Each structure stands twice: as C-alpha cells, then as structure tokens.
Amino acid sequence: MEEKSLNFIEEIIEADLKAGKYKTIVTRFPPEPNGYLHMGHATAICLNFGLTKKYGGYTNLRFDDTNPVTEETEYVESIKEDVRWLGFEWKNELYASDYFDTLYEFAVKLINKGLAYVDDSSAEVMAKEKGTPTEPGVENKFRNRSIAENLQLFEEMKAGKFLDGGRVLRAKIDMAHVNMLMRDPVMYRIKHAHHHRTGDTWCIYPLYDFAHGQSDSIEEITHSICTLEFVPHRELYDWYIEKLEIFPSKQYEFARRNLSYTVMSKRKLLQLVNEKHVDGWDDPRMPTISAFRRRGYTPESIRDFCDRVGIAKRDNVADLSLLEFCVREDLNKKALRRMVVVEPMRVVITNYNYVSNGNDDNDFELLDIEETADTDKLQTTNYKPQTRQVPFSKELYIEQEDFMENPPKKFFRLFPGGMVRLKGAYIIKCDEVVKDNAGNVTELRCSYLPESHSGHDTSGVKVKGTIHWVSISHAATAELRLYERLFKVEDPQSEEGDFKEYINPHSLQTITAYMEPSLKDAQPNTPYQFIRKGYFCLDKDSTKEKLVFNRTVTLKDSFKPTQPT
RNA sequence: UGUCCCAUAGUAUAAAGGUAGUACGACAGAUUUUGAUUCUGUUUGUCGAGGUUCGAAUCCUCGUGGGACAACCA
C-alpha cells in the first residue's frame, strides 16, 4: 500500500467528506473566453477535474462571460478543444450569461434589503471616494437613496435609459473597510455592447464579484478553487452568498503556476503574438495548450507534470526541465524510431556492391530495422518489435558531427582509421578523407564489413559507437523546426526592464534534413524519434510536397567532449 | 507605513508536535547496435531571533524577505 500524500485542498475535501458536510463534491473550471488556455489553466484543469475524478462527484465547465467586449465564441471553441484534448470531460457546459436573469433578481433582492444602491458618480469620483489601502473611503450622497428610487433607477439602467458609465449599482457595505473590495463594490455596470451569447438583450452586465460566487452557488459547487490573487475577494464572495441566502459554496486559493523560461500572463502572451515575436497563439514556443499540442507534447505528459509539481500556496517557478522530462518519458514509450541526418557528410562505401536481382540500377538493399524501443513491451514474452524497411546503398549521409579528423580521447564515432556501426546495418571503417581545395572535408571513403550485418554479426569486431545514416539516393528532404526556450532567463517577468528584452533570439532554427524514405508517409499526431536527434512530429504546415517537422524536445545528451587542453 | 497571503536542497512538493522524505536537476558508475532508455550510487535543505514543550519545519511573539489589494477587467 503506497500512501500518497495529500495537498492542502485534498485535505480540506477529505475532512469535509468525513464530517459529512457534503455527500459528494462538485468543482468547476471557469475560464473567461477571451483568449487561449495556457499551462496555468492546465494546472487548474488537472486540479479541478482531478479532484472529482478522485473523490467522486463532477466538474462543470463554466465560461465566465460577464464582459461582452472581450469575449468571443471563437475562444469558447478553442477552450473546449483544449480541455478535451487534455483528457477531461465536463458534466455540464455552462455560462455565467445563463444566469443573467437570476443575477438580476439577486440584485433586486439586495436593493430591497437596503444592501445595494445606484450611484450616479463617474468612475473617477468613485475611485477618489474609495480611499486607499491606508486611508478610509468616504460615503457619497447617492448612498442613502430610498429603496424605491434604487429599484426604479436600476430598472431604468436595465431598460437602457442611460449611457455607458452613467450609473452603476453598488453593494452597500462599508466605505471604511480595511479590505478595499468591501468599500461598496460595483455590482453592475452599463455597457451597450453585443454579447457573444445573449446578443443585445442586456445593456447592464454584472462584474466578476457579483457573478462568480453566485454562479458557483447556483451550480452548488462545493469547492470553488482559484488562484491566490482572489484571496481578498473571498470576503466579498461570502458576503454576497450570506446576504442572498443561497447555497454556501466555498472558495479556496492556491498559488498560480509559473514555468521557467517563459511568461504566463495573458497580456504578455498577447504582446508576443501581436508584436510578431512568435507566429501565433499556437506557435510551438508558446506555453499555451494549443502550442504544446502542435509541438508534439502529449496530454499524458502534461497531466503527469501537473501531478508531479503539485500545488501549494507559495510563489513558485516550476522547472521547464521537469516538463521536458515528462514529455520524454511518455514519448520514449510511444515514438516510432526513424533516421534523419541534419547536417550531412557524404560517405562512400568503396567495397559495397550489392546487386539485387542482378539489376545494376538497384544498387541497394532493404534492411529491416526496429521502429520502437518500448522497454516495457520488450520485457514481455512474445513481443516482436515492429520493423520498417530502410534502403542501404553505396553512398550515404552521416552527421557531420559524427566524424572528427582529430578526435578527443573518448570519441566513440568515426575518425580516420576508426570504425563505427551504422545503426541497423554494418560496421564501417574510415579509410580516406577527401578534402576540397580549401581543406574542408567533403567526403569520407569507407569500407564495410559484410559479415557485420546487424542482427547476425559474425565479424567479431566490437565497436563503441553506433551512428545513424541515410541512403543519399533514397533520402527524402524535410524542413525541421528546432525550438529552444523562448527566453534567455529563468523568470523573465522578475527581471529588470521589459520582459521582451530577454527573448532568446535563437528560439527557432529552421533547417533542411535528409530523411529515410519511410518518413514520406509520416502521419500527423504520431510521435517520431529521430534517432539521436530528438522527438519530432509533423507540423500542420506540412504538405505532400514539403514536409515540415517540429522538434518536440531533444534527447537527453550527456556527451561532453573532453576539453581541448 | 495599513490589511491579507506566503517562506523546507538549485527547482517543485511531503513530513496531522516524534528519524527532514520524494521527484526533477547536477555529479559518478554499470548496461546499451540511439553518448537515448534502463539500473546503481553521491550531493545539497527547514529565512533569523526569542518563547511554549520531554521533544518544534510544524504552535506563539518579534523581525527579515517575497507576493497581493486603491478597473464600471476576470
């Protein structure tokens, strides 16, 4: 029995359940449909859905759409797609705007209780009257309007009698409260704007504080989980629920999740898109869920990451390397292995004269090479790894960096007079180095050991290195997009000056690669490992004529060339 | 010069007043037809000062440091 430790929210839930406070728990994921979901949302999604998965009950997807000027249906669709892709299914798809009628009635109820009033002041005046965190605010003359007058004016606000900003409905609490949010917060404002769902039905809209808790309550959310910046709102949240005498949802706050080498605020991400530092919200360098998907990260790896990081209440910047670990761990099990040469070095096998069917034009052989490396499956009996056929011929490309004319001490690859194995094929020996007039190596002339054929090697030769290769005449080409971290520093937002000064200028490198021909049939949403190069996936920009691959993540590389002394 | 939240290895997160643990990272080694994977080992921590207690990461006080709060945004 492994005892998994609980986070503080799980402890609260277990205590509530044990005390019989709730029969079952209900949570919600409440995004505002005004942008794309990012890693921070992924944390919230995994938390909310994970909790009801663990303890029973269910989770609603609720769009917090109380501000018509920023919200669009396009975002609703992308949010739903992202949540589903992450592997979660909501019980009910709901909208704060579904509750506009109820919310209006709630407001009327508070007016009738003498707990809300219509204020004619301008925003500037109200701000001034509100005071500061260290000075109390002051009450104005509108605060003591009669209930009847408030009822009348609020109805006229709803009827569209006033211009935007002309009047607001405020809760009547305490203008001297230490919590600024309790100094008669605005409940409703006038906005003659088209709403993505209710159209032009309304010209008054509730603010977050007069919508969120009430929506939670209507849905009988037991545990309303949000981030720490809402801590001061909790008092107001509870106040509305108490005065309205409705279901007592409870709010709990955890620390926002930050990720190293990126930024997470919607405003900053928007800047990156608008100012073309990236190619869009789903640019694979972005920390958005759609970018992760395009880049080849898997839902499993993101969920695993959220699990491993956990949640708490202190400020944090989670390590990108942990996310990458999770991605590699998942992809290692799933990815099909392929050989791709990125920076080619020509190799001629001088003694290779394979002739199939006696036809001189077919100067190659097809080798069967394993295409998976699933260590779990390899241990089960009866498991025969799938193979694909790879053409081997007299003229090959290997990676430039796999040859060194003057190798350092522990160099396992090719050098003059040295031997390596070509993955899945033969051992070759470098006999001659051909150079151009400038002294650059242009070609390696090698000989192969025919009896060293992969899988039934009788040569008795042991080599330390194995390198990948492609047959030049059979190679397909593709564009490879190699990504690095978007920022040069761990926490761009905490650095001096504009965060954009810290953008990594090398975050995208585009190169042409030579690939084994099976990759011409590469499928989208299929992870590949280009052996020794990293994990890749087909990009949405890819066409039959021009293949485009994204590097999801590199392989871990512990090779360190010994320092030239 | 206010109120609130927070403080555990490099990072993240556990330890319900009783052995400070786990993961990632880093480092070292073994295995390896990917210098990958896998396996083994090493390394580093309770912000500070008092107090309560047989015993404090945990409770209390005072500091220190970080964060939030003065939108008709969410």
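Further up the page is the structure itself.
Residues numbered from 1 in each chain as written. Chains lettered and ligands numbered in written order. Predicted model: local features only at pLDDT ≥ 70, side-chain atom pairs only at ≥ 80, totals over all residues. Heavy atoms only, no water.

Enquirer: Please set out helix 8 (residues 233–244) residue by residue, giving values where relevant.
Expert: The terminal C-alpha atoms of helix 8, which comprises twelve residues, lie 17 Å apart, in line with the 16 Å expected from a rise of 1.5 Å per residue. Residues of helix 8 that are buried include every one of H233, L236, Y237, W239, Y240, I241 and L244, and no others. Phi for E245, located one or two positions after helix 8, is positive at around 55°. (Helix = DSSP H or I, 4+ residues; strand = E, 2+ residues; numbered from the N terminus. Expected span 1.5 Å × (residues − 1). Buried < 20%, exposed > 50% of the residue type's maximum accessible area, 1.4 Å probe, protein only.)

Enquirer: How would you explain the packing of aromatic side chains if you had to name every residue and give the values?
Expert: Within a pair of aromatic rings, the relevant descriptors are the distance that separates the centres and the angle that separates the planes. Scanning the model with the defined rule gives 24 aromatic pairs in all. Between Y208 and F230, the ring centres sit 5.0 Å apart and the planes meet at 35°, which makes this aromatic pair tilted. Placement of the pair is Y208 in the loop between strand 7 (204–206) and helix 7 (212–218) and F230 in the loop between strand 8 (223–227) and helix 8, with a sequence separation of 22 residues. Overall, the relative accessible area of 24% leaves Y208 in the partly exposed class. Consider the rings of F530 and F549, whose centres lie 5.4 Å apart with planes at 70°: the pair is edge-to-face. Residue F530 is located in strand 23 (residues 528–530), and its partner F549 is located in strand 25 (residues 547–553); the two are separated by 19 residues in the primary sequence. (Phe/Tyr/Trp six-rings, centres within 6.5 Å; stacked < 30°, edge-to-face > 60°.)

Enquirer: Please set out the sheet that holds strand 6 (residues 186–190) residue by residue, giving values where relevant.
Expert: Overall, antiparallel pairing links the four strands, which are arranged 4-5-6-7 in an open sheet. Both edges of this open sheet fall to strand 4 (116–119) and strand 7, since each of them pairs with a single strand only. The average angle at which neighbouring strand axes cross in this sheet is 20°, direction not considered. Pairing analysis gives four bridges linking strand 4 to strand 5 (residues 168–171), with the strands arranged antiparallel. Directly across from Y117, in strand 5, lies its bridge partner R170. Sheet strands in contact with helix 4 (residues 100–112) are strand 4, strand 5, strand 6 and strand 7, and its direction is about 120° off that of strand 6. (Pairing = 2+ DSSP bridges. Axes fitted to C-alpha atoms, helices over the stretch in contact; angles between N-to-C directions. Contact = heavy atoms within 4.5 Å.)

Enquirer: Go over the nonpolar core with me, naming the residues and quoting the values.
Expert: Judged by nonpolar contacts, the single largest core of 45 residues is most densely connected at M39, I45 and V83. Those elements that place two or more of their residues in this core are helix 1 (8–18), helix 2 (39–55), strand 2 (58–63), helix 3 (73–85), helix 10 (289–295), helix 11 (299–309) and helix 12 (320–334). Per-element tally for this core: the top contributor is helix 2, with nine residues. Built from parts of two domains, this core gets at least three residues from each of domain 1 (8–254) and domain 2 (260–336 + 477–553). Counting residues in each nonpolar core, the second largest holds 32 residues, with F162, M182, M187 and A211 among its members. (Core = buried A, V, L, I, M, F, W, Y, C linked by side-chain atoms within 4.5 Å. Domains from an automatic or database assignment.)

In short, the description is geometric, and any link to function would need to be established separately.
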